Each structure stands twice: as C-alpha cells, then as structure tokens.
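# Secondary and tertiary structure notes
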Amino acid sequence: MYTSQTASSMSVAPYPIENRLQIQDLLALSQNKQNEGSDVVSGLKQTPKSLPPKYFYDDRGSQLFEQICELPEYYLTRTETAILQECASEIASITGACEIVELGSGSSTKTRILLDAYHNLGHPLRYLPIDVSAGILETSARKLLLDYPSISVRGLVSTYELALQQLPPAQLKSRMICFIGSTLGNLTPKECDRFFAHIINALQPGEYFLLGIDLQKPKHLLEAAYNDSQGVTAQFNLNMLDHLNWRFKGNFDPNQFEHQAVYNESQSQIEIYLLCKKAQTVRLRALDLTVEFETDETILTEISRKFDLNAMRRELGARGLVPVQAWTDPNRWFGLLLCQMGFPSEDGRSPNSILGAD
C-alpha cells in the first residue's frame with residue numbers, strides 16, 4: 001500500500017478541519033429523484049437482464065472494492081500505483097498549480113501520490129472528490145484533511161454525469177479532472193461518447209484530463225483478476241443484491257445467485273454476471289416491480305473493456321482532448337494519459353463542437 005511521504009511529515013493542522021471541508025450531496029438535491037430506480041426496472045425487464053454497475057457502491061460495496069484493490073490477482077491497482085509514483089512529479093510540473101477533481105474517488109489512496117507531488121513543488125492543494133458513497137467520501141476526506149494541513153476539500157456525493165454538470169467554479173488558476181483506475185472500461189462505447197462530452201463541457205481551454213485505462217492482455221490474467229481465490233469479488237458482486245433490497249425494499253436472496261466473470265475476446269471485455277441458481281420470483285416493492293428468474297438465467301452487472309493505448313490517444317485527440325503525455329508499466333498492462341483541453345480553432349469553433357450537443 002502506498003504511504004504518503006507528505007502525510008508522515010505533518011502532524012498538526014493549522015486550520016480546523018471544518019473550515020477546510022465542504023460536502024455537498026447532489027444526489028439528494030437532484031431533480032430526478034422521482035426517476036430513481038428506473039434503470040433497475042428497465043434492466044431487469046429486458047432480455048438478457050442487466051443492472052447498472054453504480055449499484056455496486058453502497059458503503060459496504062465501496063469497502064469491498066477497497067479490499068479487491070489489495071488482492072494479489074488484482075494487478076490493476078498496484079500497476080497503476082507504480083506508474084503514478086514514477087510520473088506524478090512530471091504531471092505536476094506539466095500542469096502547474098491546479099485543483100484536482102477526482103471521479104469515483106473512493107478512499108483517495110492513489111490521489112495522495114498526486115497531492116504529494118504538487119505539495120513538493122510548492123503548489124496549493126485543493127481537492128474535489130466525487131463518489132456515490134457518502135460514507136466513504138467523508139471518511140477519506142477527513143483523513144486527507146488531517147494529513148495535509150493546507151488542503152481544502154469540497155466533496156460531491158454524486159454520479160459522474162451530475163457532478164460534471166454542476167462543478168463549482170475553479171478556485172485555482174487551472175483544473176485537472178482525474179478518472180484514474182479502470183472505470184472507463186465499465187462504459188459501453190455509447191456511454192463513453194456521452195462521458196467524454198461531459199468531460200469536455202466541464203473543462204476550460206488549457207485545463208487537463210488524466211485518464212487511467214486497463215490495456216489488452218492474455219485471457220488468463222484477466223479472468224484471474226475478476227475471480228480471486230478469496231472470493232472478495234464474488235462478495236462485491238452479490239452485495240449489489242443487498243443494496244437493491246435496502247434501497248428498493250426488495251427480497252433478493254443473494255444465496256440463490258453466484259458470481260461469474262468471463263473474458264469476451266471478440267469484444268475485448270470482461271463480463272461479470274450474477275447467475276440464478278434456481279427458478280424464483282423477486283419483488284422490489286418500492287419500484288412496484290416483480291421479476292421472474294429461470295434456473296441458470298444471468299444478470300449482467302458489469303463490463304470491463306480493455307483498451308489499446310495508441311487508439312485511445314487518437315480518439316481523445318480527435319475530440320479536442322489533446323494528449324500531452326502517456327505512461328505505462330514495463331509489461332504494458334495499464335496506461336495513464338494526460339490530455340489538455342484544446343483551444344478554439346481559428347474559425348472560432350470550440351472543440352466541444354466535435355461532439356455536438358449533449
């Protein structure tokens with residue numbers, strides 16, 4: 001596990017934590033609460049059935065994911081961490097002082113590598129973590145505030161889309177939106193298009209986007225990463241059913257489902273399923289939804305697409321997110337891309353027009 005060098009040298013915060021911490025629950029304020037769960041209804045009514053991966057992340061789901069990141073089979077976190085340790089100072093030098101916006105912040109463990117790099121260059125620290133789990137967001141924010149006496153944190157409890165639409169104005173001269181980890185792979189190509197459009201609309205010309213992507217590799221390495229020997233990934237997958245039970249007054253029995261993760265080589269993606277072990281009827285009272293399951297029927301809960309680094313550089317550049325630098329590990333298992341938002345072209349067109357209205 002990465003240990004912050006900066007954190008170890010700071011023991012007394014000069015400003016009270018409460019003066020440096022803001023947490024805003026955008027989900028509670030959302031105008032779309034009346035549509036809450038509509039994606040569950042549509043996913044469970046279709047054939048084959050599916051559920052959005054955002055329902056992994058209640059507080060327990062977030063804690064289980066942190067455990068997954070420590071598993072020996074799960075190469076992604078340690079590989080990306082090693083890359084960040086090598087390139088964080090270069091990133092901070094390229095961007096200069098900027099506030100860090102992190103989508104899917106979780107425990108903010110890897111973010112500390114970036115914070116240390118900016119601190120070591122004498123830059124002010126401002127951090128905007130975004131996560132759907134309010135519990136882990138506040139817990140990790142308070143730990144950062146104890147370890148970094150000068151940092152200010154404004155956390156947003158939110159989905160990515162909602163947060164990108166409602167980001168507060170930057171308080172430093174620049175901003176870097178970070179989407180590290182491998183979460184981009186959870187989005188379909190159409191969802192990626194929409195996500196990149198929101199990134200572009202959230203950035204000002206000259207600001208930065210840091211993206212982590214898992215790269216294509218042999219099937220046996222990929223399937224092992226999502227079928228760990230300790231069964232933590234299985235618990236994480238099954239916990240989605242407990243989350244749905246709590247959130248929508250359901251009666252899923254997780255013991256009647258099992259975890260499956262397989263690599264679809266033609267699509268270059270891991271596919272994660274919940275397999276129904278016997279025919280049954282499930283009721284989600286808050287959604288007025290009754291679902292019939294047959295034996296061996298599956299629910300697709302997540303895809304994890306694997307990318308080609310050069311192809312992603314070309315795609316982002318075509319969208320107006322100009323690649324500045326790319327880093328990878330010796331095995332080329334994982335990639336980090338730093339892009340800069342392009343300036344309007346000579347004919348006055350914004351780079352945003354590449355994607356059209358969204």
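Scroll up for the structure.
Figured I'd write up the structure that's included with this text. Computed from a prediction, not measured in an experiment: that's the story for all the values here. (Residues numbered from 1 in each chain as written. Predicted model: local features only at pLDDT ≥ 70, side-chain atom pairs only at ≥ 80, totals over all residues. Heavy atoms only, no water.)

The secondary structure content of the protein chain amounts to 13 helices and 14 strands. Its C-alpha atoms give the protein chain a radius of gyration of 21 Å, near enough to 21 Å, the size a compact globule of 358 residues would have. Principal-axis analysis of the C-alpha atoms places the extent of the protein chain at approximately 60 × 45 × 40 Å. For the protein chain, buried positions account for 53% of its 358 residues. Of the contacts formed within the protein chain by residues at least 6 apart in sequence, a portion of 75% connects residues at least 24 apart. Counting every atom, the protein chain has about 16,200 Å² of accessible surface; 48% of that belongs to carbon and sulfur. (Helix = DSSP H or I, 4+ residues; strand = E, 2+ residues; numbered from the N terminus. Rg over C-alpha atoms; globule rule 2.2 N^0.38 Å. Buried < 20%, exposed > 50% of the residue type's maximum accessible area, 1.4 Å probe, protein only. Contact = heavy atoms within 4.5 Å. Areas by Shrake-Rupley, 256 points an atom, 1.4 Å probe, with all protein chains shown as cover.)

What follows is about unusual backbone geometry. Between Thr-47 and the following residue, Pro-48, the backbone shows a cis peptide bond with an omega angle of -5°. Residue Lys-249 is not a glycine yet carries a positive backbone phi of 55°. Here Lys-249 shows up in the loop between helix 12 (232-248) and strand 8 (257-264). With a phi close to 50°, Asp-288 is a non-glycine residue in the positive phi region.

Further remarks concern the packing of helix 5 (residues 59-68) against helix 8 (residues 134-147). Where helix 5 contacts helix 8, the axes come no closer than 7 Å and their chain directions differ by 55°. In this view, helix 5 runs oblique relative to helix 8, as classed from their interaxial angle. Here helix 5 contributes Asp-59, Ser-62 and Glu-66 to the contact with helix 8, which in turn contributes Ala-134, Gly-135 and Ile-136. Considered class by class, the residues forming the contact of helix 5 with helix 8 number two nonpolar, two polar and two charged. (Axes fitted to C-alpha atoms, helices over the stretch in contact; angles between N-to-C directions. Parallel < 35°, antiparallel > 145°, perpendicular 65-115°, else oblique. Nonpolar A, V, L, I, M, F, W, Y, C, P; charged D, E, K, R; others polar.)

This part takes up the pattern of salt bridges. A complete count under the given rule lists 13 salt bridges for this structure. Here Glu-36 ties to Arg-247 by a salt bridge, and the two come within 2.9 Å at their closest N and O atoms. With Glu-36 in the loop between helix 3 (26-29) and helix 4 (38-45) and Arg-247 in helix 12, the pair connects residues that are 211 residues apart, well separated along the chain. Residue class for Glu-36 comes out partly exposed when judged on its relative accessible area of 33%. Overall, the relative accessible area of 31% leaves Arg-247 in the partly exposed class. Across the salt bridge formed by Arg-319 and Asp-193, the nearest N and O atoms sit 2.4 Å from each other. Within this pair, whereas Arg-319 is found in the loop between helix 13 (309-318) and strand 13 (321-328), its partner Asp-193 is found in helix 10 (residues 189-202), the two being separated by 126 residues in sequence. A residue is classified by how much of its surface remains accessible, and Arg-319, at 9% relative accessible area, is buried. Within the structure, one salt-bridge network assembled from shared partners comprises Glu-99, Arg-126 and Arg-175. (Salt bridge = Lys/Arg side-chain N within 4 Å of Asp/Glu carboxyl O.)

The subject of this paragraph is the sheet that holds strand 14 (residues 334-341). In space, the eight strands of this open sheet follow the order 1-5-4-3-6-7-14-13, with mixed pairing throughout. In this open sheet, the two edge strands, each paired with only one partner strand, are strand 1 (21-25) and strand 13. Across the sheet, the axes of successive neighbouring strands diverge by a mean angle of 15°, strand direction being ignored. Of the strand pairs in this sheet, strand 3 (residues 99-103) and strand 4 (residues 126-131) are connected by four bridges, and their pairing is parallel. Within strand 4, the residue paired with Val-101 across the bridge is Leu-128. Packing of helix 10 onto the sheet brings it into contact with strand 3, strand 6 (175-179), strand 7 (208-214), strand 13 and strand 14, and relative to strand 6 it is tilted by some 165°. (Pairing = 2+ DSSP bridges.)

What follows deals with the sheet that holds strand 9 (residues 269-276). Strands sit in the order 2-12-9-8 across an open sheet of four strands; the sheet is mixed. What marks the edges here is a single partner per strand, and that holds for strand 2 (49-50) and strand 8. In the sheet, strand 8 pairs with strand 9 via eight bridges, with the strands oriented antiparallel. The residue bridging Val-262 from the neighbouring strand is Glu-271, located in strand 9.

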